[in-house]
2 protein chains.
Amino acid sequence: MFFFQLFLLSFIPSTLSHDGFNSHLLPRPLIMQYPEHTETRFEKSNEELELECTSWRFAVETNNLSPWKTIPEECGSYVKDYMMGRGYKADLERVSSEAGIYAMSLQLSGDGKDVWVFDVDETLLSNLPYYADHGYGLEIFNPVEFDKWVQRGMAPGMEPSLKLYEKVLNLGFKVFLLTGRTEMQRSITIENLTKAGFRSWDKLILRDYEDHDKPATVFKSEKRSKMVEEGYRILGNSGDQWSDLSGSSPSNRSFKLPNPMYYIP
Amino acid sequence: MFFFQLFLLSFIPSTLSHDGFNSHLLPRPLIMQYPEHTETRFEKSNEELELECTSWRFAVETNNLSPWKTIPEECGSYVKDYMMGRGYKADLERVSSEAGIYAMSLQLSGDGKDVWVFDVDETLLSNLPYYADHGYGLEIFNPVEFDKWVQRGMAPGMEPSLKLYEKVLNLGFKVFLLTGRTEMQRSITIENLTKAGFRSWDKLILRDYEDHDKPATVFKSEKRSKMVEEGYRILGNSGDQWSDLSGSSPSNRSFKLPNPMYYIP
């Protein structure tokens, strides 16, 4: 009930901050009563929202939540501010730098079997322009619209990830890209990655026909297990979803990139 | 170098906020130069610190960092404010509530083999009174001092965890406590847990002599694997360290409680 009160109080700032947003997709309740002391109540509301949404974001990033389809409605402005502001950038830079320090600390065997696995979406390529047009996670995922975006091949590269990517390539890692994108998206994915500055990967593993219905955790675990069977050592793994990182044949170390906009099981 | 500048700027607020702190343990640099526009610079500094320390906390909670011994010096006030303010409480309540929803969603087999594993320190019992006297993670861990604190048996119970604990007991889970504390601390641990309201656990597993030198991940993985060998199904696991949750024989779902004060490998 606490959240519901906040939601009512947050009606105005939340609406204002979503200019250009398809409001018909997200019916909002009418305000039936105005709070008595508007200013102080609003102030409290912002502070409460910051607290609650930060707590929600921690629960997302630590994988404490059950599968979720959209971000909490009252956290729309919070997620937008985080993604478009300095928070997201700071977190991306930190994870890139930590992963780089780890990569440099390793003594590679030189037999060409030391692997770094990268996910693609929200790990190397950013779909933020798409999500900015779709409420930063407030809207239920629309696969048709999203596929159109992917087919444009316009997703920008993520600078901190590119830095790590080039570092591990230069250190002599094999680079395997393991993505939930499908084989039908192979050529546009290659085009987009190349345009964004990513080059010289050793494998690009996409979902084949028989993988389509598998949860990402299962699909990616199977592919990692295959790598291990082939004698590869997975020393690093970068992904924005826990389904990129957990499951069987995990990497020696995994690096969780931030993503409060969507959840893939 | 960015961090170093912030550190210099944060000298005064950081010192003020650590009343009663053993400053001789943490030599602080002299300020050699004052910034030109003190007020605006301080304002920016606080905002920067908030951003950097929040980002650091995310890296901690997602297990992105290499093993660390103390919190960043410039984040001392931030961690104190988080732990003593509403942030920590909100995060504890959320993880308890998410775990409770998951626990209730399960259909237990009724054969007495469905298990919920709980860590003890910073999961059921709070050592916050100790850490409040020791810089909230700014000081290097002192095992002698900490053992004295443990022997007092005064660690308060964590209310949100007690709520989850009672819920899973009432649902019919076996409750196994798996802690890095040693067998020598068994009786005081039982006394402290009981005093804090925890009761009716099915096993209390502590480090035996041969476990003393094992990293927590290894020790806890071995004990979980033993549970699985004995036919138990580990359906839930609550812990404040990734070493409580990762490794072999992981739980079906793990719940990461917040802890930005220390790291156990």
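Residues numbered from 1 in each chain as written. Chains lettered and ligands numbered in written order. Predicted model: local features only at pLDDT ≥ 70, side-chain atom pairs only at ≥ 80, totals over all residues. Heavy atoms only, no water.

As recorded in an unreviewed UniProt entry, chain A goes by Acid phosphatase 1 and comes from Hibiscus sabdariffa. As stated in UniProt under Sequence similarities (unreviewed entry), the record for chain A gives "Belongs to the APS1/VSP family." (UniProt positions renumbered as here; feature names shortened; annotations may be inferred.)

Visitor: Which residues make up the overall build of chain A, and what values go with them?
Guide: A tally of helices and strands in chain A yields eleven helices and five strands. Counting across all 265 residues of chain A, residues that qualify as buried make up 52%. Here the contacts in chain A between residues at least 6 apart in sequence split such that 72% fall between residues at least 24 apart. Summed over all atoms, the accessible surface of chain A reaches about 12800 Å², with 56% contributed by carbon and sulfur. (Helix = DSSP H or I, 4+ residues; strand = E, 2+ residues; numbered from the N terminus. Buried < 20%, exposed > 50% of the residue type's maximum accessible area, 1.4 Å probe, protein only. Contact = heavy atoms within 4.5 Å. Areas by Shrake-Rupley, 256 points an atom, 1.4 Å probe, with all protein chains shown as cover.)

Visitor: Describe the relation of the copies chain A and chain B, and please don't skip the residues or the numbers.
Guide: For the pair chain A and chain B, the superposition axis carries a translation of 0.0 Å, the fit reaches an RMSD of 0.0 Å, and the rotation angle comes to 180°. Read as a symmetry element, the transformation amounts to a two-fold axis. For chain A, the residue whose C-alpha comes nearest the rotation axis is Thr62(A), separated from it by 2.7 Å. (Least-squares fit on C-alpha atoms with pLDDT ≥ 70 in both.)

Visitor: Describe the interface of chain A and chain B, naming the residues involved and giving the relevant values.
Guide: A common way to report how large an interface is uses the accessible area buried once the components associate. On the chain B side, the residues contacting the 29 residues of chain A number 29 residues. Between chain A and chain B, the buried area comes to about 2500 Å², and carbon and sulfur atoms account for 49% of it. Contact with chain B buries surface across chain A, with Phe58(A), Asn64(A) and Arg94(A) losing the most and accounting together for 28% of the total. In this structure, Glu52(B) and Arg94(A) form a salt bridge, with 3.2 Å as the shortest nitrogen-oxygen distance. In this structure, the connection of chain A to chain B is made through 16 residue pairs in polar contact (both at pLDDT 80 or more). Elements represented by at least two residues in the side of chain A that touches chain B include exactly helix H3 (38-61), helix H5 (86-105) and strand E5 (253-256) of chain A. Top contributing element to the side of chain A that touches chain B by residue count: H3(A), with eleven residues. Of the residues that constitute the side of chain A that touches chain B, the class distribution is ten nonpolar, eight polar and eleven charged. (Buried area = accessible area lost by both parts, 1.4 Å probe. Salt bridge = Lys/Arg side-chain N within 4 Å of Asp/Glu carboxyl O. Polar contact = N/O pair within 3.5 Å; in protein donor to acceptor, adjacent residues only side chain to side chain. Nonpolar A, V, L, I, M, F, W, Y, C, P; charged D, E, K, R; others polar.)

Visitor: Help me get a handle on the sheet that holds strand E1 (residues 114-118) of chain A, residues and values and all.
Guide: All names here are of chain A. Taking strand neighbours across the sheet as the criterion, the five strands line up as E3-E2-E1-E4-E5 in an open arrangement whose pairing is parallel. A strand with exactly one partner marks an edge of an open sheet, and here the two such strands are strand E3 (203-207) and E5. For this sheet, the mean angle separating the axes of adjacent strands, direction not counted, is 20°. Here four bridges tie E1 to strand E2 (residues 174-182), and the two strands are oriented parallel to one another. Residue Trp116 lies in a different strand from E2, and its bridge partner there is Val175. (Pairing = 2+ DSSP bridges. Axes fitted to C-alpha atoms, helices over the stretch in contact; angles between N-to-C directions.)

Visitor: Please set out the packing of aromatic side chains residue by residue, giving values where relevant.
Guide: Residues and elements named next belong to chain A. Taken as a whole, this structure holds 36 aromatic pairs over all chains when the rule is applied. Ring geometry for Tyr102 against Phe255: centres 5.8 Å apart, planes inclined by 45°, an arrangement best described as tilted. Of this pair, Tyr102 sits in helix H5 while Phe255 sits in strand E5, and the two are 153 residues apart along the sequence. Cation over ring: Arg57 sits above Tyr82, and NZ or CZ is 3.9 Å from the ring centre. (Phe/Tyr/Trp six-rings, centres within 6.5 Å; stacked < 30°, edge-to-face > 60°. Lys NZ or Arg CZ within 6 Å of the ring centre and 35° of its normal.)

Visitor: Could you give an account of the environment of Phe141(B), with specific residues and numbers?
Guide: Structurally, Phe141(B) can be placed in the loop between helix H6 (128-132) and helix H7 (143-152). Setting aside residues no more than four positions away along its own chain, Phe141(B) makes contact with Tyr131(B) and Phe146(B).

Visitor: An account of the side chain of Asn64(A) is requested, with residue identities and associated values reported.
Guide: Positionally, Asn64(A) belongs in the loop between H3 and helix H4 (76-84). A polar atom in the side chain of Asn64(A) sits 3.2 Å from the side chain of Thr62(A). If sequence neighbours within four positions are ignored, Asn64(A) has contacts with Ala59(A), Val95(B), Glu98(B), Arg253(B), Ser254(B), Phe255(B) and Lys256(B).

Visitor: If you had to explain the state of the cysteines to someone new, which residues and values would you point to?
Guide: All names here are of chain B. If you walk through the whole model with that rule in mind, you get two disulfides over all chains. Linked covalently through their sulfurs, Cys53 and Cys75 form a disulfide whose S-S length is 2.1 Å. On the sign convention where negative is left-handed, the bridge of Cys53 and Cys75, at about -90° about the S-S bond, is left-handed. Placement of Cys53 in helix H3 (residues 38-61) and of Cys75 in the loop between H3 and helix H4 (76-84) is noted, with a sequence separation of 22 residues between them. Residues Cys53 and Cys75 agree in their burial class; the two are buried. (Disulfide = S-S within 2.5 Å.)

Visitor: Summarise the nonpolar core; cite the residues concerned and give the values.
Guide: In summary, soluble globular proteins display a tendency toward joint burial of nonpolar side chains. In terms of nonpolar packing, the biggest core is built from 55 residues, with Val79(B), Trp116(B), Phe118(B), Tyr165(B), Leu177(B) and Phe198(B) touching the most fellow members. Considering each element in turn, this core owes the most residues, six residues, to helix H5 (residues 86-105) of chain B. Residue contributions to this core reach at least three from each of two domains, namely domain 1 (2-82) and domain 2 (85-256) of chain B. Membership of the second largest hydrophobic core comes to 54 residues, among which are Tyr78(A), Val120(A), Leu124(A) and Met158(A). (Core = buried A, V, L, I, M, F, W, Y, C linked by side-chain atoms within 4.5 Å. Domains from an automatic or database assignment.)

Visitor: Could you give an account of the pairing of strand E3 (residues 203-207) of chain B, naming the residues involved and the relevant values?
Guide: Side-chain direction in a regular strand flips from residue to residue, so the side chains alternate between the two faces of the sheet. All names here are of chain B. Within E3, four of the five residues are buried, which leaves it mostly tucked inside the rest of the structure. Across four bridges, strand E2 (residues 174-182) lies against E3 in parallel orientation. Paired with Leu177 across the two strands is Leu204, which belongs to E3. In the classification by handedness, the crossover that spans E2, the intervening helix H9 (residues 186-195) and the parallel E3 is right-handed. (Right-handed = clockwise from strand over helix to strand, strands pointing away.)

Visitor: Help me get a handle on the packing of H5(B) against helix H8 (residues 159-171) of chain B, residues and values and all.
Guide: Residue and element names in this part refer to chain B. The contact between H5 and H8 brings their axes to 8 Å, and the two run at 10°. Compared by their axis directions, H5 and H8 come out roughly parallel. Contact residues: Leu92, Glu93, Ser96, Ala99, Gly100, Ala103 and Met104 in H5; Pro160, Lys163, Leu164, Lys167, Val168 and Leu171 in H8. Counted by class, the contact of H5 with H8 contains eight nonpolar, two polar and three charged residues. (Parallel < 35°, antiparallel > 145°, perpendicular 65-115°, else oblique.)

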